[in-house]
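Report on the structure
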Amino acid sequence: MECSRCGACCVAPDIAALDKPLGARCQHLGDDLLCKIYDRRPEVCRSYAADSFCQHIAASTLSERVAHYLEAFGLEEEALRSATASSMRAARRLKVVG
(Lines give C-alpha, C1' and ligand atoms only; values in the text may rest on other atoms or scores of the structure.)
Protein backbone atom coordinates (compact mmCIF):
# COMPACT_ATOMS: atom_id res chain seq x y z
CA MET A 1 0.00 0.00 0.00
CA GLU A 2 1.29 3.44 -0.86
CA CYS A 3 1.50 6.14 1.81
CA SER A 4 -1.19 8.80 1.42
CA ARG A 5 0.89 11.34 3.36
CA CYS A 6 -1.96 11.96 5.78
CA GLY A 7 0.34 12.82 8.72
CA ALA A 8 -1.41 10.66 11.31
CA CYS A 9 1.69 8.52 11.97
CA CYS A 10 3.60 11.73 12.79
CA VAL A 11 1.05 12.81 15.39
CA ALA A 12 -0.84 9.92 16.98
CA PRO A 13 1.84 7.47 18.21
CA ASP A 14 4.60 8.30 20.63
CA ILE A 15 8.04 8.26 19.03
CA ALA A 16 10.80 7.66 21.55
CA ALA A 17 13.60 8.42 19.07
CA LEU A 18 12.21 11.95 18.75
CA ASP A 19 11.04 12.28 22.39
CA LYS A 20 7.53 12.87 20.99
CA PRO A 21 4.61 12.08 23.31
CA LEU A 22 1.47 10.24 22.32
CA GLY A 23 -0.94 12.46 20.40
CA ALA A 24 1.50 15.35 20.02
CA ARG A 25 2.39 16.67 16.59
CA CYS A 26 5.98 15.87 15.66
CA GLN A 27 8.03 19.04 15.60
CA HIS A 28 9.40 17.95 12.22
CA LEU A 29 6.00 17.60 10.53
CA GLY A 30 5.52 20.52 8.17
CA ASP A 31 2.27 22.32 7.44
CA ASP A 32 2.21 20.37 4.17
CA LEU A 33 2.16 17.13 6.26
CA LEU A 34 5.62 16.18 5.00
CA CYS A 35 8.64 15.46 7.17
CA LYS A 36 11.08 18.36 7.36
CA ILE A 37 13.94 15.98 8.28
CA TYR A 38 13.00 13.20 5.87
CA ASP A 39 16.61 12.40 4.88
CA ARG A 40 17.68 12.33 8.55
CA ARG A 41 14.56 10.81 10.14
CA PRO A 42 15.08 8.04 12.72
CA GLU A 43 14.91 4.36 11.81
CA VAL A 44 11.49 3.93 13.41
CA CYS A 45 10.11 6.46 10.92
CA ARG A 46 12.06 4.98 8.00
CA SER A 47 10.75 1.50 8.69
CA TYR A 48 7.10 2.52 9.03
CA ALA A 49 5.04 1.25 6.11
CA ALA A 50 1.49 2.24 5.26
CA ASP A 51 -0.99 -0.60 5.63
CA SER A 52 -4.73 -1.26 5.88
CA PHE A 53 -4.86 0.52 9.25
CA CYS A 54 -4.20 3.77 7.40
CA GLN A 55 -7.44 3.17 5.49
CA HIS A 56 -9.21 2.29 8.75
CA ILE A 57 -8.44 5.72 10.27
CA ALA A 58 -9.00 7.70 7.06
CA ALA A 59 -10.79 11.02 7.50
CA SER A 60 -10.86 14.45 5.89
CA THR A 61 -8.72 16.19 8.54
CA LEU A 62 -5.56 15.35 10.42
CA SER A 63 -7.25 15.81 13.78
CA GLU A 64 -9.99 13.35 12.81
CA ARG A 65 -7.41 10.79 11.63
CA VAL A 66 -5.51 11.14 14.90
CA ALA A 67 -8.75 10.76 16.89
CA HIS A 68 -9.58 7.57 14.95
CA TYR A 69 -6.08 6.21 15.64
CA LEU A 70 -6.26 6.91 19.37
CA GLU A 71 -9.79 5.50 19.59
CA ALA A 72 -8.79 2.29 17.79
CA PHE A 73 -6.21 1.60 20.50
CA GLY A 74 -8.19 3.01 23.42
CA LEU A 75 -5.61 5.75 23.98
CA GLU A 76 -7.81 8.86 24.09
CA GLU A 77 -7.41 9.46 27.85
CA GLU A 78 -3.68 8.79 27.82
CA ALA A 79 -3.25 11.21 24.92
CA LEU A 80 -5.17 13.89 26.82
CA ARG A 81 -2.88 13.45 29.83
CA SER A 82 0.20 13.46 27.58
CA ALA A 83 -0.94 16.68 25.89
CA THR A 84 0.27 18.67 28.88
CA ALA A 85 3.76 17.16 28.67
CA SER A 86 6.58 18.86 26.83
CA SER A 87 8.26 15.58 25.95
CA MET A 88 7.75 11.83 25.97
CA ARG A 89 9.99 11.57 29.05
CA ALA A 90 7.78 14.10 30.85
CA ALA A 91 4.64 12.24 29.75
CA ARG A 92 6.01 9.01 31.24
CA ARG A 93 6.26 10.73 34.64
CA LEU A 94 2.51 11.47 34.68
CA LYS A 95 0.41 9.56 37.17
CA VAL A 96 -1.13 6.42 35.71
CA VAL A 97 -4.90 6.48 36.04
CA GLY A 98 -6.63 3.12 36.11
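Residues numbered from 1 in each chain as written. Predicted model: local features only at pLDDT ≥ 70, side-chain atom pairs only at ≥ 80, totals over all residues. Heavy atoms only, no water.

1. Observations regarding the layout of surface pockets
Here the largest pocket is characterised by a volume of approximately 880 Å³. Cys3, Cys9, Cys10, Cys45 and Tyr48 are, among the 34 residues lining the largest pocket, the residues nearest its centre. Mapped onto the lining of the largest pocket, the elements with two or more residues apiece are helix H1 (43-47) and helix H2 (52-56). Its residues placed into classes, the lining of the largest pocket shows 26 nonpolar, 3 polar and 5 charged. (1 Å grid on protein atoms, 1.4 Å probe; cavity = no way out; pocket = protein on both sides within 12 Å on 5 of 7 lines; lining within 4 Å. Points joined across faces, edges and corners; volume = space filled by probe spheres on them. Helix = DSSP H or I, 4+ residues; strand = E, 2+ residues; numbered from the N terminus. Nonpolar A, V, L, I, M, F, W, Y, C, P; charged D, E, K, R; others polar.)

2. As for the packing of aromatic side chains
Evaluated as defined, the whole model comprises 3 aromatic pairs. Pairwise contacts between aromatic rings join Phe53, Tyr69 and Phe73 into one cluster. Between the NZ or CZ atom of arginine 41 and the centre of the ring of tyrosine 38, over which it lies, the distance is 3.7 Å. (Phe/Tyr/Trp six-rings, centres within 6.5 Å; stacked < 30°, edge-to-face > 60°. Lys NZ or Arg CZ within 6 Å of the ring centre and 35° of its normal.)

3. Digging into the nonpolar core
Val11, Leu29, Leu62, Val66, Tyr69 and Leu70 are the most contacted members of the largest nonpolar core, which totals 13 residues. At 4 residues, helix H3 (residues 62-72) tops the list of elements feeding residues into this core. (Core = buried A, V, L, I, M, F, W, Y, C linked by side-chain atoms within 4.5 Å. Buried < 20%, exposed > 50% of the residue type's maximum accessible area, 1.4 Å probe, protein only.)

4. Re H3
Inspection of H3 places Leu62, Arg65, Val66, Tyr69 and Leu70 among the buried residues, and these make up the whole buried set. The buried residues of H3 occupy an angular sector of 130 degrees when the element is viewed end-on, so they sit on one face. Facing away from the buried surface of H3 by more than 90 degrees, the exposed residues are Ser63 and Glu71. Where H3 is buried, its residues meet H2 and helix H4 (76-82). Looking one or two residues past H3, glycine 74 carries a phi angle of roughly 65 degrees, positive in sign. (Arc of directions from axis to C-beta. Contact = heavy atoms within 4.5 Å.)

5. Looking at the confidence of the model for the protein chain
Of the residues in the protein chain, 95% have a pLDDT of 70 or more, and the chain-wide mean is 91. Taken element by element, the predicted model of the protein chain shows its lowest mean pLDDT in helix H5 (residues 88-92) (77) and its highest in H3 (97). (pLDDT = per-residue confidence, 0-100.)

6. What about the environment of arginine 5?
Mapped onto the elements of the fold, arginine 5 is located in the segment before H1. Residue classification places arginine 5 among the exposed residues on the basis of a relative accessible area of 53%. C-alpha of arginine 5 to C-alpha of arginine 92: the two residues are 87 residues apart in sequence and 28 Å apart in space. Excluding residues that lie within four positions of it along the chain, arginine 5 makes contacts with Leu33 and Leu34.

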